[in-house]
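What the coordinates show
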Amino acid sequence: MANELKYTSVFQSLSFGDFGLRVLTTGEVSQEGEYFGAMQAITDSTISFISDTEGGDTDIVNLDLIAGQTIYGNLTDVTMVSGKIIAYLR
């Protein structure tokens with residue numbers, strides 16, 4: 001289960017990567033049950049994932065990220081179409 005971000009100490013731990021990370025490259029998928037608070041593209045990348053939220057878009061398919069771009073949310077089920085990202089666990 002993902003850590004509860006309503007607490008300042010948990011948010012700060014996530015911000016500094018204290019919960020760990022995954023480096024994912026072309027063709028890889030995240031481990032089942034893992035949630036990420038941020039994903040940063042190391043190279044130009046295309047990814048698909050689920051945004052586990054009550055509102056907004058939830059199933060994101062073939063999102064293009066440029067190198068250095070970071071996205072935030074309650075993200076899970078990441079599939080790497082191409083490129084390389086760092087996904088920060090929450």
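You'll find the structure just up there.
All of the points below concern the structure found in this document.

Moving on to the sheet that holds strand 6 (residues 84-89). The strands making up a sheet are joined through hydrogen bonds of the backbone, oriented either antiparallel or parallel. Pairing within the open sheet is antiparallel, and its six strands lie in the order 1-6-2-5-3-4. At either end of the open sheet lies a strand with only one pairing partner, and these are strand 1 (21-25) and strand 4 (59-65). If you compare each strand with its neighbour and ignore which way they point, the axes differ by 40 degrees on average. Of the pairings in the sheet, the one linking strand 1 to strand 6 comprises five bridges and is antiparallel in character. The residue bridging V23 from the neighbouring strand is I86, located in strand 6.

To continue, consider the pattern of salt bridges. Summed over all chains, the structure comprises one salt bridge. Ionic pairing is found between R22 and E34, a salt bridge with its closest N-O pair at 2.5 Å. Highlighted residues: R22 in strand 1 and E34 in the loop between strand 1 and strand 2 (35-41), separated in sequence by 12 residues. Residue classification places R22 among the partly exposed residues on the basis of a relative accessible area of 26%. Exposure remark for E34: the relative accessible area of 12% places this residue in the buried category.

Criteria and cut-off values
Residues numbered from 1 in each chain as written. Predicted model: local features only at pLDDT ≥ 70, side-chain atom pairs only at ≥ 80, totals over all residues. Heavy atoms only, no water. Pairing = 2+ DSSP bridges. Helix = DSSP H or I, 4+ residues; strand = E, 2+ residues; numbered from the N terminus. Axes fitted to C-alpha atoms, helices over the stretch in contact; angles between N-to-C directions. Salt bridge = Lys/Arg side-chain N within 4 Å of Asp/Glu carboxyl O. Buried < 20%, exposed > 50% of the residue type's maximum accessible area, 1.4 Å probe, protein only.

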